[in-house]
Amino acid sequence: MPNSSEANSSDGIHSLTPKQGVTAILTTVTSTASDVSEWISKIRYIHRFRIDRIVVGLGVQWRPSFSKGVRNPAATLQLCVGRHCLIFQLIHADYIPKALRRFLRDDRITFVGVGIGYDEFLLSNYDFCVMNTVELRRLAAVKMDDSDLRGASMETLASQVLDLDNVVKPIEIGKSNWDAYQLSLKQVQYACIDAHVSFEIGKELEAWEEK
């Protein structure tokens, strides 16, 4: 489980090794539609016998705007199922594959995240429709009978739900240039943690029951 301390990259594949010695998170970083389709096909195949219980951690990153009334579009979409994560550089994509649109629209799949409503708003700029989403703060508040969790950060949710106190999302990385053609290792780790921890929280809280 993140926080991540090491990474090796080859052809856009990053193996992030958590400090706690848990299995590496295999992360595909790409702007190529065919890579995205291949990742989705792999996930569908791995989970073909339990498609209605798939939980997908979802996150979006964008370059912050410091001009009043200006919102920059989503730069990356990150998805995570188990130890497989995808960081799709939307803003540099050659095109958006139909496989991704179908995946997001599949109502058998549950997409989870912290602040997922705003992520959906940003994705609407690309005409994405995410059919079945669950806000983890609301779900945690209900399942753990703690209304304070409705406004919790991801770090707090990780601590309360997963008993993990080493999840860190540095503000300066969150506000960095996500429009870059080549994401830094710290950006890859940040995006990976965002999606992977969302997945783990969603799985622990059995988010698929919310369908």
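Keep in mind that what you see is a predicted model, and the values were worked out from it rather than measured.

Basis of the calculations
Residues numbered from 1 in each chain as written. Predicted model: local features only at pLDDT ≥ 70, side-chain atom pairs only at ≥ 80, totals over all residues. Heavy atoms only, no water. Buried < 20%, exposed > 50% of the residue type's maximum accessible area, 1.4 Å probe, protein only. Helix = DSSP H or I, 4+ residues; strand = E, 2+ residues; numbered from the N terminus. Pairing = 2+ DSSP bridges. Salt bridge = Lys/Arg side-chain N within 4 Å of Asp/Glu carboxyl O. Disulfide = S-S within 2.5 Å.

S.K.: Looking at this structure, how should I read the pairing of strand E3 (residues 25-30)?
M.R.: In regular strands, side chains alternate between the two faces of the sheet. In terms of residue burial, E3 counts as a mostly covered element, since five of its six residues are buried. Direction of pairing for E3 relative to strand E6 (residues 84-88): parallel, over a ladder of five bridges. Following the sheet pairing, leucine 26 is matched in E6 by histidine 84.

S.K.: Sorry if this is basic, but what is going on with the pattern of salt bridges here?
M.R.: Within the structure shown, the criterion is met by eight salt bridges. Note that arginine 138 is salt-bridged to glutamate 210, the shortest N-O span being 3.3 Å. A residue pair is termed long-range when its members are at least 10 positions apart, and arginine 138 in helix H4 (residues 136-143) and glutamate 210 in the segment after helix H7 (185-204) qualify at 72 residues. Judged by relative accessible area, which is 33%, glutamate 210 ranks as partly exposed.

S.K.: Mind showing me how you'd approach the state of the cysteines here?
M.R.: Note on terminology: disulfide describes a covalent bond linking the sulfur atoms of two cysteines. Per the counting criterion, the structure on display carries one disulfide. With a sulfur-sulfur separation of 2.4 Å, cysteine 80 is cross-linked through a disulfide to cysteine 85. Of note, the bridge from cysteine 80 to cysteine 85 carries an S-S torsion of about -65° and is left-handed in sense. In this structure cysteine 80 comes out as buried when scored by relative accessible area, which is 0%. Left without a disulfide partner, cysteine 192 is nearest to the cysteine sulfur of cysteine 85, which lies 4.1 Å away.

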